[in-house]
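# Close look at the chain arrangement
If you want the building blocks of each chain, they are given just below.
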Amino acid sequence: MKFLRLVILIEITFLIHVFYAAGNEAKMKYEMPEIMMVTWAEWPDDPKQQDVMAQFIKANGFNSVEVEMDKLEMCRRNGLYARLGDGDINRLLKNAAKLKDDKSVFAYFISDRRRRNSFPAFANIAKAFQEADPNHPTMFINRANWNEFYEFTEKVQPMMLDFYHYHWDGRRHPERRYIYLSSFRELGNKNGIPVMRCVGGNVPINQLRQTIYTSLAYGIQGFHFWPPWMFSINKENDKPIIKDGKIVPRINVPPLAEVAKEIKPLSPALIKLRSITVYHTEPVHPAAPGAAPFPKDHWLQLSGEQMLAGFFKGTDNLKYFMIVNCDHTKKRETTVSLSKDIKKIHKMSKRTGKWENIIIEDSTNNLSITLDAGSGELFKAVQ
C-alpha cells in the first residue's frame, strides 16, 4: 500500500510538472525581499549587546531572526528582518495593523505542523492578517510527509507556502525529496506565492549544500532550520562573558553559517527570478525517484550522473539556470551542451555577487564545469 501511494504521488508530480511548465502561472501575490535565511538567537537584555549579536548574525550570512515584538526595534537598528511570533495570535494581529508598511517585518509565525482539521481556522487567521497587513505573509509550517499541502493551499490561500522535510533523516521518507520539491514549486507557481523550507541543519556541510542548492534550483526562496538555536552567548557561571565591553557570540552550527555566507551573494539576482522547470540527468539517483529527465530537444543538456539544472525567468529576455551536483559525496564534472543560438554564458560569482563572463571555447558550443560535492552555480545565457 505504501509503495502504491508513492507511485501515485510520483505520477501526480509528473502531471503537474508538465502542465505548469507550459506556462500556467499566477501573478505573484507576495514577493520575498531576499533569499531568506531565518535563525533563532539567544538575546542579552542590554540593547547595546543585542546589537553585537545582531551584527554577528548578519556577518554569518543570516538576514532574519525569530523574535517577538520587543525585539523589532533591534531588528530595525541592525538591518535584520523580524519573523514575528507571539503566543497570543490576537495580540499579534493587533500589531500587524500597525506594521503593514514596516520594511523590517518579514512574516507572522502562526503555527507549526497541524493537520487538515485546523485548515478552516487557519484560513480565517490568514484572511484576518492579510486584511490588517497585506504586505507581509503569515507562516504556517506544513509537514511534507503528511501529504496535505494541496488541501492546505486551496483552503488557507496563504501569501507564502512553508514546509519542512528533513531528507537526511531516514525516518522521514528521504526518497521523496524531489517529489516534494517539485510539488511545492508547482503549488507556488500555480498560486503566485513564494515557497520556503525548514531544513535539518545538524548534518555535514556537503549534505547541507546538497539540500540548499537543490532547493534553490527548484525555486525555494527561504530557509529556516531545525534545531533552531543557531546563535548563543559564551557564558561563565551562567553569566555572559564580556570581552572589551561586548558579549562573545557563538555559532552552534558552524557548517550552516558557512553555507549561508556562500549563497548570500546569489540573493540579489536569484530573488528576482521565477522558477520555470527543473531537469535531472539520467539515471536519476535510485533512492530519489520523481525527478524529471531532460527533454531531448531542450536548449541545454548536461552529461554525467546526479546532475540537475533548474531554469528560471526574469523580467528580461535572458535565460537563467542553476546547475547542481546532487552527489554530496564527491566533486563531479559535467559537460554543458548549449544550442547554437546561445552566444555567451555568465556565471554569478559567490565571492563578489557579480556576473562573470565564461568563454565558450568549444566549436560545438560545449563547456565543462566542475562542481564541489552538493554544490551549485547560477548562470545566465545570452542569445
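First things first, this report covers the structure right here in the doc. (Residues numbered from 1 in each chain as written. Predicted model: local features only at pLDDT ≥ 70, side-chain atom pairs only at ≥ 80, totals over all residues. Heavy atoms only, no water.)

### Here we look at the environment of W299
Relative to the helices and strands, W299 is located in the loop between β15 (274-280) and β16 (300-302). Under the relative-accessibility criterion, W299 is labelled buried at 17%. Here the alpha-carbon distance between W299 and V65, two residues 234 residues apart in the chain, equals 41 Å. With near-sequence residues (within four places) excluded, W299 lies in contact with F311, K319, F321, S337, L338, S339, I342 and A381. (Helix = DSSP H or I, 4+ residues; strand = E, 2+ residues; numbered from the N terminus. Buried < 20%, exposed > 50% of the residue type's maximum accessible area, 1.4 Å probe, protein only. Contact = heavy atoms within 4.5 Å.)

### Side note on the pattern of salt bridges
One pass over the structure, following the stated rule, counts 22 salt bridges. The closest approach of N and O atoms between R91 and D86, which form a salt bridge, is 2.7 Å. A residue is classified by how much of its surface remains accessible, and D86, at 15% relative accessible area, is buried. Members of the salt-bridge network, linked through shared partners, are R115, R116, E148, E151 and K155. (Salt bridge = Lys/Arg side-chain N within 4 Å of Asp/Glu carboxyl O.)

### Considerations on the sheet that holds strand β19 (residues 332-338)
The antiparallel open sheet is built from three strands, whose spatial order is β16-β19-β22. At either end of the open sheet lies a strand with only one pairing partner, and these are β16 and β22 (366-371). Across the sheet, the axes of successive neighbouring strands diverge by a mean angle of 25 degrees, strand direction being ignored. (Pairing = 2+ DSSP bridges. Axes fitted to C-alpha atoms, helices over the stretch in contact; angles between N-to-C directions.)

### Quick look at the layout of surface pockets
Empty space within the largest pocket amounts to approximately 610 Å³. Taken together, the elements giving at least two residues each to the lining of the largest pocket come down to α7 (177-191), α10 (267-270), β15 and β17 (307-313). When residues in the lining of the largest pocket are grouped by element, the largest group, four residues, is from α7. The class makeup of the residues in the lining of the largest pocket is 19 nonpolar, seven polar and seven charged. A volume near 490 Å³ is recorded for the second largest pocket. Along its surface, the second largest pocket is lined by 21 residues, and E66, R83, D112, W226 and P228 are the ones closest to its centre. Within the residue set of the lining of the second largest pocket, elements represented by two or more residues are β1 (36-41), β2 (64-67), β4 (105-112) and β8 (222-226). Here the element with the most residues in the lining of the second largest pocket is β8; it accounts for three residues. (1 Å grid on protein atoms, 1.4 Å probe; cavity = no way out; pocket = protein on both sides within 12 Å on 5 of 7 lines; lining within 4 Å. Points joined across faces, edges and corners; volume = space filled by probe spheres on them. Nonpolar A, V, L, I, M, F, W, Y, C, P; charged D, E, K, R; others polar.)

### Looking at the sheet that holds strand β21 (residues 355-358)
Strand order in the open sheet formed by six strands is β15-β17-β18-β23-β20-β21, with antiparallel pairing between adjacent strands. Two strands in the sheet have a free side with no partner beyond their single neighbour: β15 and β21. Adjacent strand axes in the sheet meet at a mean angle of 30 degrees when their direction is disregarded. Where β17 lies against strand β18 (residues 319-325), six bridges are found, and the strand directions are antiparallel. Residue pairing for β18: M307 is matched across the bridge by N325. Against the sheet, α7 engages β15 and β17, with an angle of about 155 degrees to β15. Against the sheet, helix α8 (residues 205-217) touches β15, β17, β18 and β23 (376-382), its axis set at about 155 degrees to β18.

### Structural notes on the pairing of β4
Burial within β4 is extensive, with seven of its eight residues counted as buried. Both strand β3 (residues 81-84) and β4 contribute to a ladder of three bridges, which runs parallel. By the bridge assignment for β4, R83 is matched with A107. With respect to chirality, the unit in which β3 leads through helix α4 (residues 89-96) into the neighbouring parallel β4 is right-handed. Here β4 runs beside strand β5 (residues 138-143); their pairing, made up of four bridges, is parallel. Across the sheet, S111 pairs through a bridge with F140, a residue of β5. Read as a crossover between parallel neighbours, the route from β4 over helix α5 (residues 119-132) to β5 is right-handed. (Right-handed = clockwise from strand over helix to strand, strands pointing away.)

### A closer look at the side chain of N95
Structurally, the position occupied by N95 is in helix α4. Polar side-chain contacts of N95 include one of 3.2 Å to the backbone oxygen of R91. (Polar contact = N/O pair within 3.5 Å; in protein donor to acceptor, adjacent residues only side chain to side chain.)

### What about the packing of aromatic side chains?
Tallied over the full model, the rule gives 22 aromatic pairs. Aromatic pair F119 and F152: ring centres 5.3 Å apart, planes at 75 degrees, arrangement edge-to-face. Of this pair, F119 sits in helix α5 while F152 is found in helix α6 (residues 149-156), placing the two residues 33 residues apart along the sequence. Arranged with centres 4.7 Å apart and planes meeting at 40 degrees, the rings of F122 and F140 form a pair that is tilted. On the criterion of sequence distance, the pair formed by F122 in helix α5 and F140 in strand β5 is long-range, its members being 18 residues apart. When sorted by exposure, F122 lands in the same class as F140, which is buried. Put simply, the rings of Y279, F294, W299, F311, F321 and F379 touch in pairs and so form one group of aromatic residues. (Phe/Tyr/Trp six-rings, centres within 6.5 Å; stacked < 30°, edge-to-face > 60°.)

### Some remarks on the environment of L266
With respect to the helices, strands and loops of the structure, L266 is situated in the loop between α9 (254-263) and α10. Ignoring any residue separated from it by four or fewer positions in sequence, one finds L266 in contact with Y213, M322, M348, K350 and L378.

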